[in-house]
Amino acid sequence: MQPAEPLAPGLSAPASLVDLFNAFSGLALQGFGGVLPVAQRELVERLRWVSGEQFLEMLSVGQVLPGPNVVNLALMIGDRFYGTRGAVAAVAGITLAPTVVVLLLAALAAHWRDEPAVNGALRGMGAAAAGLVLATAIRLGGGLRRNPLGVGVCATLTVLTAVAVGVLRWPLVWVVLALGSVAVVLAWRRVSA
């Protein structure tokens, strides 16, 4: 089955549903604490299934849909190449392995919960995940040059969001609704002008 739209030069497509499932399973197994940085590197740079701009567009849509961003991204990429079957294969790939791992860890939690080495390892993984997310944000920041709002407005909205949620402790849902609405109106005005 061919993708719904022609592939851009330099991009490729998954060879089969199994290829799609395996790629997303691999992403899930590599991304403890956050799959997004790994997904960007694998899907854009290594597999070349989507361009950086396409990844950013899909991620933007995935962020406003309910559910985890990377699951929404898997669903869109699977659908793009193989329709509903591809969406199911990609979502199964991204969710199956983590579900099994979490269930196994939950079963072992009672025994190992007070172990200092386990607590230290989890703190270290959290720091590594935060670093990966920051590195991904920096890598994806180049796509903002072509954003209708421009780098300055996007940076301002990012800082305002961080201050509102991180410093002022305002509920994320209200901050996203308020600043997201401002961003949508500004973008609409610039695009329609």
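Residues numbered from 1 in each chain as written. Predicted model: local features only at pLDDT ≥ 70, side-chain atom pairs only at ≥ 80, totals over all residues. Heavy atoms only, no water.

### Examining unusual backbone geometry
(1) Moving on: Unusually for a residue other than glycine, Arg48 sits at a positive phi of about 60°.
(2) Moving on: Following the sequence through the fold, Arg48 ends up in the loop between helix H2 (36-46) and helix H3 (52-64).
(3) Moving on: Positive phi outside glycine occurs at Arg169, with the angle close to 60°.
(4) Moving on: Locating Arg169 in the fold gives a position in the loop between helix H6 (150-167) and helix H7 (172-192).
(5) Moving on: We classify Arg169 as exposed; its relative accessible area is 65%. (Helix = DSSP H or I, 4+ residues; strand = E, 2+ residues; numbered from the N terminus. Buried < 20%, exposed > 50% of the residue type's maximum accessible area, 1.4 Å probe, protein only.)

### Here we look at the confidence of the model for the chain
(1) Moving on: Scored by pLDDT, the chain has a mean of 86; 95% of the residues are at 70 or more.
(2) Moving on: Per-element confidence in the chain is highest for helix H1 (residues 17-30), whose mean pLDDT is 93, and lowest for helix H5 (residues 116-140), whose mean pLDDT is 78. (pLDDT = per-residue confidence, 0-100.)

### Quick word on the pattern of salt bridges
(1) Moving on: Inspection of every chain in the model, using the stated rule, returns 3 salt bridges.
(2) Moving on: For Glu42, the salt bridge is made with Arg41, and the minimal N-O distance between the two is 3.7 Å.
(3) Moving on: Taking the relative accessible area as the measure of exposure, Glu42 reaches 9% and is therefore buried.
(4) Moving on: Classification of Arg41 by relative accessible area gives partly exposed; the value is 33%.
(5) Moving on: The partner of Arg146 in a salt bridge is Glu53, with the nearest N and O atoms 2.2 Å apart. With Arg146 in the loop between H5 and H6 and Glu53 in helix H3, this pair connects stretches of sequence that are 93 residues apart.
(6) Moving on: Salt bridges linked by common partners bring Arg41, Glu42 and Arg46 together as one network. (Salt bridge = Lys/Arg side-chain N within 4 Å of Asp/Glu carboxyl O.)

### Here's the deal with H3
(1) Moving on: Compared with an ideal rise of 1.5 Å per residue, which puts 13 residues at 18 Å, H3 spans 19 Å between its outermost C-alpha atoms and is within 8% of the ideal.
(2) Moving on: All of the buried residues along H3 are Gln54, Phe55, Met58, Leu59 and Gly62. Around the axis of H3, the buried residues are gathered within 130° of arc, so they sit on the same side. In H3, the exposed positions that point more than 90 degrees away from the buried face belong to Glu57 and Val64. (Expected span 1.5 Å × (residues − 1). Arc of directions from axis to C-beta.)

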